[in-house]
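Structural features, examined
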Amino acid sequence: MATGRNFPDAATAAAAAGAVGGAVVLVDGAKSSIPNATTKLLRDLQPRRIVIAGSKAAVSSGIEKALRTAFGSSAVVRLGGSDRYRTSARITDYFFDSSDTVFFATGEKFPDALAGAALAGQFGVPLLTAQRSCVVPETVDVVTSLGATERVLLGSTASLRYTVRTLEECPKHSLTDPNSIWVVVNKKRPLSPKDWAPKDLVRVNAPYVNTPYLRSAAATAVEKMFAAYKKSTGKQMQVLSSYRSYASQQAVYTGNDLLTARPGYSEHQTGLAVDVDAVPRTCSLAPCFADTSQGKWLANNAYKYGFILRYPSGKTSVTGYQFEPWHYRYVGVELATAMRNSSVKTLEEYFGLPAAPNY
Ligand SMILES: [Zn+2]
């Protein structure tokens, strides 16, 4: 049983059903019950087992309850994950013990998966859905445990890239969702939508030049970082600027693309970026900030609080900006530490994204 509202779960289920001689029955997963015609069909089919493909968000708990009541609770199994890719991995894991071959199709639209599922079913092999250039850890696990060394990509590179075949794992957090702490914003990657604004902005409790607001996690991290600097040196640093809305970026944009970002393309609009200043103000927004006590301490310690120096020296051809020793970007301690240990300095290089020297 899969929802007919969208087809990622049905695609993987179709291949599995084909392999075991089963049928795929579609329901409107958003409804809380099943139509009489579907109940009648199921009675005619006399299934020993009814597998619900997808989480409760895809096929409602009302439908599950109706099936359990009509066919016996022990006959009904739900195979759902937290997203379509994890559901696909879960279904595959349930139905297949081993397989030399797996098919991959994009999980975003379904012409390739629809054609491929029939073929996969006929060959008795799984069909998994994937994002364009990577797979979730659950997919890596199931493909590895199946021993599937033959990985067939359905569709052109516009749908799936070669890195799916090599089971490249997707980043833990999205690089494109503006809500993600790993979102990469540059001259090639505007916020989407361009006037996006964070929902969890809070006032940063720290010394400042311009009243500071950041997303909650970044604000807490700045407060901890500034306190640690003060404790270890007896000196202070302050927030020069922090969150800037689309509208305020319109006012800040100078027309010089090497120094300021166009509205919708500024990391400050994410609520995760902060420009730091010394107290008293020294070398504000200037390369010599790198030589101040504050600049040196940040370069060595910011990662411990989840910040990276976003526009390093010598990386203008990648980031599109000159060296900005004052501009720090919150990405969380895990990624900041991993980047520090890897010696890769920019988000673009770390995640294998195209360089963004200009718009
Ligand atoms: Zn900045």
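Here the structure is shown first, and the text comes after it.
For clarity, every value in this text was computed on a predicted model and none was experimentally measured.

1. Observations concerning the overall build of the chain
Across its full length, the chain holds 13 helices and 13 strands. Principal-axis analysis of the C-alpha atoms places the extent of the chain at approximately 80 × 40 × 40 Å. For the chain, buried positions account for 43% of its 359 residues. Sequence-distant contacts, at least 24 apart, represent 68% of the contacts inside the chain between residues at least 6 apart.

2. Considering the environment of Thr92
Note that Thr92 resides in helix H4 (residues 84-95). Judged by the 28 C-beta atoms lying within 10 Å of it, Thr92 is buried. For the pair formed by Thr92 and Val142, sequence separation is 50 residues and the distance between their alpha carbons is 7.4 Å. In this view, Thr92 contacts Thr12, Pro126, Leu128 and Val142; residues no more than four positions away in its chain are not counted.

3. Here's the deal with helix H10 (residues 293-301)
Listing the buried residues of H10 in full gives Gln294, Gly295 and Leu298. Down the axis of H10, the buried set is contained in an arc of 100°. They therefore lie on one face. Summarising the contacts, the buried residues of H10 are in contact with helix H8 (216-233), strand S10 (236-241), strand S11 (273-279) and strand S13 (327-330).

4. Describing the sheet that holds strand S5 (residues 101-106)
In a beta sheet, neighbouring strands are held together by backbone hydrogen bonds and run either parallel or antiparallel to one another. On the basis of which strands lie adjacent, the open sheet formed by three strands has the order S6-S5-S7 and parallel pairing. With partners counted over all chains shown, the strands left at the sheet margins are strand S6 (127-130) and strand S7 (150-153), one partner each. Neighbour-to-neighbour, the strand axes of the sheet open up by a mean angle of 30°, direction not taken into account. Summarising the sheet, S5 and S6 pair through four bridges and their orientation is parallel.

5. Notes on the sheet that holds S13
Pairing within the open sheet is antiparallel, and its four strands lie in the order S10-S11-S13-S12. Across the chains shown, the open sheet's two edge strands, defined by having one partner strand only, are S10 and strand S12 (307-309). Put simply, the sheet's adjacent strands are angled 40° from each other on average, direction ignored. With three bridges connecting them, S11 and S13 associate as antiparallel partners. Residue pairing in the sheet places Ala273 in a bridge with Arg329 of S13. H8 rests against S10, S11, S12 and S13 of the sheet, and its axis sits at about 150° to S10.

6. With respect to the pairing of strand S4 (residues 76-79)
Pairing between strand S3 (residues 50-53) and S4: four bridges, direction parallel. Paired with Ile50 across the strands is Val76, a residue of S4.

7. Comments concerning the packing of helix H1 (residues 8-20) against H4
Two packed helices can be described by the angle between their axes and the distance between those axes. Packing of H1 against H4 leaves a shortest axis separation of 9 Å and a crossing angle of 10°. Classed by the angle they form, the pair H1 and H4 counts as roughly parallel. Across the interface between the two elements, Pro8, Asp9, Thr12, Ala13, Ala16, Ala19 and Val20 of H1 pack against Arg84, Thr87, Ser88, Ile91, Thr92 and Phe95 of H4. The residue makeup of the contact of H1 with H4, split by class, is seven nonpolar, four polar and two charged.

8. A closer look at the nonpolar core
In this structure, Ala13, Ala53, Phe104 and Leu127 are the most contacted members of the largest nonpolar core, which totals 48 residues. At seven residues, H1 tops the list of elements feeding residues into this core. Look past the residues within four positions of Ala53 in its chain and what remains in contact with it is Met1, Ala2, Asp9, Ala10, Ala13, Leu79, Thr87 and Ile91. Grouped together as the second largest cluster of nonpolar side chains are 33 residues, Met225, Tyr243, Ile308 and Val331 included.

9. Quick look at the environment of Arg151
Along the chain, Arg151 turns up in strand S7. Separated by 48 residues in the primary sequence, Arg151 and Phe103 have C-alpha atoms spaced 5.9 Å apart. When residues no more than four places from it in sequence are discounted, the contact partners of Arg151 are Val102, Phe104 and Arg165.

10. What about the environment of Lys56?
Of note, Lys56 is situated in the loop between S3 and helix H3 (61-71). Judged by C-beta crowding, with 14 C-beta atoms within 10 Å, Lys56 ranks as partly exposed. It is 9.9 Å that separates the C-alpha atoms of Lys56 and Leu79, two residues lying 23 residues apart in sequence. Those residues within four positions of Lys56 in sequence are excluded, and the remaining contacts are Ser61 and Gly80.

11. Some thoughts on the packing of H4 against helix H6 (residues 137-146)
Running from amino to carboxyl end, H4 crosses H6 at an angle of 20°, the nearest separation of the two axes being 8 Å. If you check the angle between H4 and H6, you find them roughly parallel. Relative to H6, the crossing made by H4 is left-handed. Each of Tyr85, Arg86, Ala89, Thr92 and Asp93 in H4 lies in contact with H6, whose residues at this interface are Glu138, Thr139 and Val142. For the contact of H4 with H6, the per-class residue count stands at three nonpolar, two polar and three charged.

12. Things to note about unusual backbone geometry
The amide bond that connects Ser192 to the next residue, Pro193, takes the cis arrangement and shows omega of 0°. With respect to the helices and strands, Pro193 occurs in the loop between helix H7 (162-165) and strand S8 (201-203). In this chain, Val279 is followed by Pro280 through a cis amide linkage whose omega measures -5°. A positive phi angle, close to 55°, is found at Cys283, a residue other than glycine. Structurally, Cys283 can be placed in the loop between S11 and H10. Assessed through the 17 C-beta atoms surrounding it within 10 Å, Cys283 is described here as partly exposed. With phi around 50°, Leu285 is a residue other than glycine that occupies positive phi space. On the secondary structure map, Leu285 appears in the loop between S11 and H10. A tally of 15 C-beta atoms within 10 Å means that Leu285 is categorised as partly exposed.

Thresholds, definitions, all that
- Residues numbered from 1 in each chain as written.
- Predicted model: local features only at pLDDT ≥ 70, side-chain atom pairs only at ≥ 80, totals over all residues.
- Helix = DSSP H or I, 4+ residues; strand = E, 2+ residues; numbered from the N terminus.
- Buried ≥ 20, exposed ≤ 12 C-beta atoms within 10 Å, placed from the backbone.
- Contact = placed C-beta atoms within 7 Å.
- Arc of directions from axis to C-beta.
- Pairing = 2+ DSSP bridges.
- Axes fitted to C-alpha atoms, helices over the stretch in contact; angles between N-to-C directions.
- Parallel < 35°, antiparallel > 145°, perpendicular 65-115°, else oblique.
- Nonpolar A, V, L, I, M, F, W, Y, C, P; charged D, E, K, R; others polar.
- Core = buried A, V, L, I, M, F, W, Y, C linked by C-beta atoms within 7 Å.
- Left-handed = near helix turned anticlockwise from the far one by under 90°.

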